[in-house]
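A structural walkthrough
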Amino acid sequence: MPDASARRIVLTGAAGGIGTMIRPLLAPLYPGLVLSDRVAPANLQPTERFVAAELTRPDEVAGLVAGADSVIHLGGHSVEGPWNAILQANIIGCYNLFEAAREAGVRRVVFASSNHAVGFYPRSRRIGPDVTVRPDSRYGVSKAFGEALAALYSDKHGMGVTCLRIGNVGPRPIDVRRLSIWISPEDLVQLIRIGLEHPEIRFEILYGASDNAASWWDNARAHALGYRPTGRAEDHRVHAEAQQARIGPDPIGDRFQGGSFCSAEFSNDPTRAGA
């Protein structure tokens, strides 16, 4: 693996919520980090460089990844939305990114998937990375598509790809559901480093979660690759439960791992969903 200071590493979605949280942690690890988004992120550091790119424009994406060794792909529509918005940013845009990376000879991609790719599993079931996808939204469908695309580019073109099914990133869990899926920015950077640096990476799906006693996910594969999370959701239980009391119950969302993404627009018999 080339020395970090000599590698051109691109971070898409750098102006978004997750990008903003992890940039200060990535910058000292990867000098010369290339940031990209539709608009420049705030507080650009001397060691960072910004390249504007719209994921739906293949020529701009190709220019962005030219000469890159690796890509951390956070870019796209980050919540549920109308189909066309999801299609353009998360499906067409994701394809453009992987295809441009292939043409540029990019060696590694870390793809920000989501817990919403498997959100319709019941909270009573513990799942690993090898379960059938059960998306809870159009957004979740786009992340399942991204995982499938990542597998294709790994198997067909030899790209090393790590898909991170990210839970919820932040300084602490903000409700009871997040006690099961929370990940600290520091732990997320740990997983990104595994995706960029571990010599065994071919194609992996790992869960983006800290050391959460209430976790619904078996993240043994991440631990086998050296993941040692330091964040503990239980340390924030009192805060999370207080916030949950303000939110109130969600008869549908509280059954499933995807929460309110499952209950939005729901028209099924809840006993038939996620079975």
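One structure accompanies this document, and this report is about it.

Rules of the game
Residues numbered from 1 in each chain as written. Predicted model: local features only at pLDDT ≥ 70, side-chain atom pairs only at ≥ 80, totals over all residues. Heavy atoms only, no water. Buried < 20%, exposed > 50% of the residue type's maximum accessible area, 1.4 Å probe, protein only. Helix = DSSP H or I, 4+ residues; strand = E, 2+ residues; numbered from the N terminus. Arc of directions from axis to C-beta. Contact = heavy atoms within 4.5 Å. Disulfide = S-S within 2.5 Å. Pairing = 2+ DSSP bridges. Right-handed = clockwise from strand over helix to strand, strands pointing away. Core = buried A, V, L, I, M, F, W, Y, C linked by side-chain atoms within 4.5 Å.

Let's shift gears to helix α2 (residues 58–65). Those residues of α2 that sit buried are Val61, Leu64 and Val65. On an axial view of α2, the arc spanned by its buried residues comes to 85 degrees, and they lie on one face. Where the residues of α2 are buried, they touch β1 (9–12), β2 (34–37), β3 (49–52), β4 (70–73) and α3 (83–104). A positive backbone phi angle near 80 degrees is found at glycine 67, which sits one or two residues after α2.

Linking two cysteines covalently through their sulfur atoms gives a disulfide. One pass over the full model with this rule turns up 0 disulfides. Free of any disulfide, cysteine 94 has its nearest neighbouring cysteine sulfur in cysteine 163, separated by 8.6 Å.

In summary, the side chains of a regular strand alternate between the two faces of the sheet. Burial along β2 is two-sided: the residues Val34 and Ser36 and Leu35 and Asp37 are all buried. With 3 bridges joining them, β1 and β2 adopt parallel strand pairing. The partner of valine 10 across the bridge, within β2, is valine 34. Handedness of the crossover joining β1 and β2 through helix α1 (residues 17–26) is recorded here as right-handed. Pairing of β2 with β3 involves 4 bridges; the strand directions are parallel. Across the sheet, the residue bridging to leucine 35 is phenylalanine 50, located in β3.

Glancing now at the nonpolar core. Ranked by internal contacts, the top residues of the largest apolar core, which has 27 residues, are Leu11, Leu26, Ile72, Leu164, Leu188, Leu191 and Ile192. When residues of this core are traced back to their parent elements, those giving at least two are β1, α1, β5 (108–114), β6 (160–166) and α6 (185–197). When neighbours within four sequence positions are excluded, leucine 191 is seen to be in contact with Leu164, Ile183, Leu206, Tyr207, Gly208, Ala222 and Tyr227. Residues Val10, Ala53, Val71 and Leu149 belong to the second largest nonpolar core, which totals 25 residues.

The subject of this paragraph is unusual backbone geometry. The phi dihedral of asparagine 43 falls on the positive side, at around 55 degrees, and the residue is not glycine. As for its position among the elements, asparagine 43 is in the loop between β2 and β3. By relative accessible area, which is 64% here, asparagine 43 ends up exposed. One non-glycine residue, glutamate 265, lies in the positive phi region at around 65 degrees.

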